[in-house]
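Results of the structural survey
Residues per chain, in single letters:
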Amino acid sequence: MNTEARAFDWAEAPAIATYNFAYLDEQSKRMIRRAILKGIAVPGYQVPFASREMPMPYGWGTGGVQVTASIIGPDDTLKVIDQGADDTTNAISIRKFFQRTTGVRTTTATTEASIIQTRHRIPETPLTAGQVLVYQVPIPEPLRFLEPRETETRTMHALEEYGVMHVKLYEDIARHGHIATTYAYPVMVQGRYVTDPSPTPKFDNPKMDQCPALQLFGAGREMRIYAIPPWTEVTSLDFEDHPFAVQAFDRPCALCGADDVFLDEVIMDDQGGRMFVCSDTDHCNGRQQAGHAGEQET
Amino acid sequence: MTTPVLSRATETADPMPGVLVLDDVTKSFTLHLRDGLTLPVVSGVGFAVRAGECVVLGGQSGAGKSSILKMVHGSYGVVEGRILVMHDGAQIDLATADPRIVLQVRRRTIGYVSQFLRAIPRVSALDVAAEPLIRAGVEPGTARDRTAGMFARLNLPERLWSLPPATFSGGEQQRVNIARGFLPDLPVLLLDEPTASLDQKNREVVVAMIAEKKQAGTALLGIFHDADVRDAVADRVIDVGRFAESPVAA
Amino acid sequence: MPAMQDMAAEQPLMSVRDLTHMYGNRTGCRDVGFDLYPGEVLAIVGESGSGKTTLLNCIAARLQRTSGTVAYQMRDGRMQDLHALSEAERRFLARTDWGFVHQNPADGLRMSVSAGANVGERLMAVGQRHYGRIRETATDWLGRVEIDHDRIDDRPGTFSGGMRQRLQIARNLVTGPRLVFMDEPTGGLDVSVQARLLDLLRGLVDDLGLSAVVVTHDLAVARLLSQRMMVMKNGRVIETGLTDRVLDDPQAPYTQLLVSSILQV
């Protein structure tokens, strides 16, 4: 992640020659790195930062992009996913953005990436020490559902007044008979801060716990950065009589046969035909190449 | 506190000065809305009520009989003088007592049967009457049983017991009030015309109940307009008229 | 004198001395002092602008005093100046040992969640994590404030004004507070609804042995709920004493005016 590690040949990227490495100027990167370091020092705490205008609209991952831009170096290998896929518009745009502004190597393989920027998923392949997972976060404040005042939510975090989080879960059970929150399921980080895991499916929550990789969260519009350092305890909130449970799927992936992954529903035609496949395209491809197969070959 | 030295106005020089002693008590009202007009009620009131005795306040309407009872009960303030009562084994002066002491005295020492029942919405007659007993620590079931017994004795129709007394007739309300005042065994009982709206049969019941209280050593202080009842219960009648003063402007 | 010694040994739950709150140069309340003992209900009466709500907010630590002290007997028995507590301690006190009943129920309720969640919130805030038991307690409390248990999953927006107020009371009492502050608890309710609420409050205060400070401009509310009252005017306490004595034998000119202004029905 050291920008000095390799001499960058500006001539190789004439179209962006007037931009700094990774688009942001070095002072902005320093400011964002400070926020990241503070976030790592206080796991789960939302650090305010002076979010910059990025050449993409809010909601497209400006927070994650700024975090990635601040930590990326010429030796890094970048993977970008959106809903688990490497080939969706958002993932492709961001990958191209960093290819043009940094010239770093990109990959779709989870195991090869040093930085993975993600929207809505954590890869199925277990992350390893030394990797950094950068989340794009739309709303960093888990308490906002019941308490719209920012001054009040900050006080609540400071004083660990988290009863209201369980009110949300209580409402779920009262209305649906079970905790119906499936995305952005609130977690407690290191027994201290209640944190929004970004809109990942709760299926991915257990992967955050004791994760060997560093997890960084950037919310551009909301101007907040937070972090979960490697090997941090992350627990999902629940009730004793309604314990946290991940989604269960009643069938394996139609392409690779995996039965321990998060599946997406794919509509095949306008006759009601559909199939369920891995949301993590890299994981699915890897399994297929290794000879695994589902019921439905493509 | 030592035995009080009673002033000249006090009627009795008994070595056993009584459970309740009024010593040179003065009451007047200052009407600030009428340019500070002072309305004198009584002054120099002095008498004692001993255990087992029923003292009746006599005198014309407006002489200040009810005011004296209200001062003893604490709902009127005392302008001058002392109202001494034996409370929890010690003598205290109600004229200057802290409100909390007055509340405690009402729970443990001085019972009061007012002229009118202050009806509480939605609370049944039985619960209204049993409340002081329950507050005094009697188990609620026992308290209600004892209340039911007294209602029966006062000929209060049983169909009324579970109803709130707000819609009762005057006589029915009065009997709820009597039960409420007579049920706890307190050393002093104040009676403000308890028989005013009762028929002959129920008056006799109340007369008998007063006799029982005297027997049990209760000191009673009361107002009775009905001469028959007064003659039947009074050990002494104190003419309040002699404590009266004529109005003076401030 | 055993009785007097008993009284001396008993500590007030709250002890207020020389309490003053200024809004700039304007007086909110000035030099107020009183002791509130366990199980006592104190009414603060006065007209709008008399400073009674300012006083309530000061003693409930919702407003910074300008000077004076408000000491509170903590659960371990020691008297603690509220303003010396940390914000964390004050807020903890406010959601466990105290209740605050607002005149407008919407100020004291979460309108976006169900009645059950409203009642259960304080339990969850003190760490209860068993849904079934939280719901059981909430059901029990709805019953105690006379709300049908089948309304437990309805939002307060679907409730009548009286029901909302009763829900707010249940939400406050569920953690067994020792002291409840009430700001015009019957304000804005129809007379018949008021009577029911008052009667309910009276019963709850009795059954639970609660202490309460009730701000009201309605002398009937003061008569029914409180043993002692304070009359305020222009930020100062002008008369204090037993409720029935202040109402039956008022001394201060203003109190006499207040008492004589009640419409007789």
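Coordinates for the structure precede this section.
The present account deals with the structure reproduced in this document. Owing to the predicted nature of the structure, the values given are computational and were not obtained by experimental measurement.

**Some remarks on the overall build of chain A**
When its secondary structure is counted, chain A shows 7 helices and 12 strands. Along the first, second and third principal axes, the C-alpha set of chain A runs to 60 × 55 × 35 Å. Put simply, chain A has 298 residues, and 55% of those count as buried. A sequence separation of at least 24 residues applies to 62% of the contacts in chain A between residues at least 6 apart. Surface summary for chain A: the accessible area is close to 13,100 Å², and the carbon and sulfur share equals 52%. Computing the positive centroid from 27 side-chain charges and the negative centroid from 40, chain A places the two 7 Å apart.

**Describing the interface of chain B and chain C**
Accessible area lost when the parts come together is the quantity often used to give the size of an interface. Across the boundary between the two partners, chain B contributes 31 residues, which contact 31 residues of chain C. Buried area between chain B and chain C, both sides added, is near 2,700 Å², and the carbon and sulfur share of it is 56%. Among the residues chain B hides against chain C, the three largest losses belong to L33, R100 and R122 of chain B. Together they make up 26% of the total. Among the salt bridges present, the one from R100 of chain B reaches E10 of chain C, with a minimum N-O distance of 2.8 Å. Joining chain B to chain C, the criterion identifies 13 residue pairs in polar contact (both at pLDDT 80 or more). When residues of the side of chain B that touches chain C are traced back to their parent elements, those giving at least two are β1 (20-31), β5 (90-93), α2 (99-108) and α3 (125-135) of chain B.

**A word on the interface of chain A and chain C**
Each partner contributes to the interface: chain A provides 21 residues, whereas chain C provides 23 residues. Counting each side, the surface lost to burial between chain A and chain C is near 2,000 Å², with a carbon and sulfur contribution of 56%. Our count for the chain A to chain C interface comes out at 4 salt bridges. Linking chain A to chain C there are 13 residue pairs in polar contact (both at pLDDT 80 or more). Among the elements of the structure, α4 (150-158) and α5 (163-176) of chain A are those that each provide at least two residues to the side of chain A that touches chain C. The element that contributes the greatest number of residues to the side of chain A that touches chain C is α5 of chain A, accounting for 9 residues.

**Brief notes about the sheet that holds strand β5 (residues 79-81) of chain C**
All names here are of chain C. Across the sheet, which stays open at both edges, the 4 strands sit in the order β2-β1-β4-β5 with antiparallel pairing between neighbours. Looking along the sheet, the strands with just one partner apiece sit at the ends: β2 (26-36) and β5. The mean inter-strand angle of the sheet, taken between neighbouring strand axes irrespective of direction, is 25 degrees. In this structure, strand β4 (residues 67-73) lies alongside β5, joined through 3 bridges in antiparallel fashion. Considered in β5, the bridge of A71 is made with D81. On the sheet, helix α2 (residues 52-59) packs against β1 (14-23), β2 and β4 and is oriented at approximately 120 degrees with respect to β1.

**Quick word on the environment of E26 of chain A**
Residues and elements named next belong to chain A. Within the secondary structure layout, E26 lies in helix α1 (residues 26-41). Sequence separation between E26 and S70 is 44 residues, and the spatial gap between their C-alpha atoms is 8.3 Å. Not counting chain neighbours up to four residues away, the residues in contact with E26 comprise N20, F21 and R33. Side chain to side chain, E26 and N20 meet in a polar contact 2.8 Å long.

**Structural notes on the arrangement of the chains**
No other pair of the 2 pairs of chains in contact has as many contacts as chains B and C. As for chain B relative to chain A, no contact occurs, and the smallest C-alpha gap between them is 34 Å.

**Digging into the state of the cysteines**
Scanning the entire structure with this criterion turns up 0 disulfides over all chains. The thiol of C284 of chain A is not disulfide-bonded; the next cysteine sulfur, from C253 of chain A, is found 3.7 Å away.

**Focus on the layout of surface pockets**
Looking at the largest pocket, its volume works out to about 1,900 Å³. Lining the largest pocket are 49 residues, and of these L103, R106, R135 and R180 of chain B together with D244 of chain C lie nearest its centre. Contributions of two or more residues to the lining of the largest pocket are made by α1 (65-73), α2, β6 (110-113), α3 and α5 (170-182) of chain B together with α8 (191-208), α9 (219-225) and α10 (243-248) of chain C. Of all the elements, α2 of chain B adds the most residues to the lining of the largest pocket, at 5 residues. Along the lines of polarity and charge, the residues of the lining of the largest pocket split into 19 nonpolar, 14 polar and 16 charged.

**Some thoughts on the pattern of salt bridges**
Enumeration according to the criterion identifies 54 salt bridges over all chains in this entry. In this structure, D206 of chain C and R135 of chain B form a salt bridge, with 3.0 Å as the shortest nitrogen-oxygen distance. A residue pair is termed interchain when its members come from two chains, as with D206 of chain C in helix α8 and R135 of chain B in helix α3. Several salt bridges converge on common partners, so that one network encompasses R144, E150, R154, E222 and R224 of chain A.

**Concerning unusual backbone geometry**
What you tend to see is this: most non-glycine residues have negative phi, and most peptide bonds are trans. Look at W231 of chain A: it is not a glycine, yet its phi comes out positive at around 60 degrees. Position of W231 of chain A among the secondary structure elements: in the loop between β9 (224-228) and β10 (234-236). On the basis of relative accessible area, W231 of chain A is assigned to the exposed category, the value being 54%. The phi dihedral of E146 of chain C falls on the positive side, at around 65 degrees, and the residue is not glycine. By the element assignment, E146 of chain C lies in the loop between α6 (131-144) and α7 (161-173).

**With respect to the side chain of D35 of chain C**
Residues and elements named next belong to chain C. Secondary-structure assignment places D35 in strand β2. Within the structure, the side chain of D35 is placed 2.6 Å from the side chain of S15, a separation counted as a polar contact. Of the polar contacts made by the side chain of D35, one reaches the side chain of R17; its length is 3.0 Å.

**Points about the packing of aromatic side chains**
This model, assessed by the stated rule, comprises 17 aromatic pairs over all chains. With 5.2 Å between their ring centres and 75 degrees between their planes, F97 of chain A and F98 of chain A make a pair best called edge-to-face. An aromatic cluster is defined as three or more aromatic residues linked by ring pairs; in this entry it consists of Y19, Y23, F97 and F98 of chain A. Above the ring of F145 of chain A, the side-chain terminus of K168 of chain A is found at 5.2 Å from the ring centroid. Just above the ring of Y37 of chain C sits the side chain of R100 of chain B; from NZ or CZ to the centre is 3.2 Å.

**Remarks on α5 of chain A**
Across its 14 residues, α5 of chain A extends 20 Å between first and last C-alpha, which sits within 8% of the 20 Å expected from 1.5 Å per residue. Counting buried positions over the 14 residues of α5 of chain A gives 12, a clear majority of the element. Along α5 of chain A, the residues classified as buried are G163, V164, M165, H166, V167, K168, L169, Y170, E171, D172, I173 and A174 of chain A. Residues of α5 of chain A that are buried make contact with α4 and β7 (193-195) of chain A together with α5 (115-125) and α6 of chain C. Of the residues one or two after α5 of chain A, G177 of chain A is the one with positive phi, at around 85 degrees.

**Examining the packing of α5 of chain B against helix α6 (residues 200-215) of chain B**
Residue and element names in this part refer to chain B. Put simply, α5 and α6 touch, their axes get as near as 12 Å, and they point 10 degrees apart. Overall, the two elements α5 and α6 adopt an arrangement that is roughly parallel. In contact with R175, I178 and F182 of α5, α6 contributes N202, V206, M209, I210 and K213. In terms of residue class, the contact of α5 with α6 is built from 5 nonpolar, 1 polar and 2 charged.

**Considerations on empty space enclosed by the protein**
Residue and element names in this part refer to chain C. Enumeration according to the criterion identifies 2 cavities of 30 Å³ or more in this entry. What the largest cavity holds in volume is close to 40 Å³. What lines the largest cavity is simply V101, I169, L173, V180, M182, L201, L204, V205 and L210. Secondary-structure elements contributing two or more residues to the lining of the largest cavity are α7, β7 (179-183) and α8. Sorting elements by how many residues they give to the lining of the largest cavity places α8 first, with 3 residues. When grouped by side-chain class, the residues that make up the lining of the largest cavity number 9 nonpolar, no polar and no charged.

The rules behind the values
- Residues numbered from 1 in each chain as written.
- Chains lettered and ligands numbered in written order.
- Predicted model: local features only at pLDDT ≥ 70, side-chain atom pairs only at ≥ 80, totals over all residues.
- Heavy atoms only, no water.
- Helix = DSSP H or I, 4+ residues; strand = E, 2+ residues; numbered from the N terminus.
- Buried < 20%, exposed > 50% of the residue type's maximum accessible area, 1.4 Å probe, protein only.
- Contact = heavy atoms within 4.5 Å.
- Areas by Shrake-Rupley, 256 points an atom, 1.4 Å probe, with all protein chains shown as cover.
- Lys, Arg positive; Asp, Glu negative; His and termini not counted.
- Charge placed at Lys NZ, Arg CZ, Asp CG, Glu CD.
- Buried area = accessible area lost by both parts, 1.4 Å probe.
- Salt bridge = Lys/Arg side-chain N within 4 Å of Asp/Glu carboxyl O.
- Polar contact = N/O pair within 3.5 Å; in protein donor to acceptor, adjacent residues only side chain to side chain.
- Pairing = 2+ DSSP bridges.
- Axes fitted to C-alpha atoms, helices over the stretch in contact; angles between N-to-C directions.
- Disulfide = S-S within 2.5 Å.
- 1 Å grid on protein atoms, 1.4 Å probe; cavity = no way out; pocket = protein on both sides within 12 Å on 5 of 7 lines; lining within 4 Å.
- Points joined across faces, edges and corners; volume = space filled by probe spheres on them.
- Nonpolar A, V, L, I, M, F, W, Y, C, P; charged D, E, K, R; others polar.
- Phe/Tyr/Trp six-rings, centres within 6.5 Å; stacked < 30°, edge-to-face > 60°.
- Lys NZ or Arg CZ within 6 Å of the ring centre and 35° of its normal.
- Expected span 1.5 Å × (residues − 1).
- Parallel < 35°, antiparallel > 145°, perpendicular 65-115°, else oblique.

Distances and angles like these do not, on their own, reveal function.
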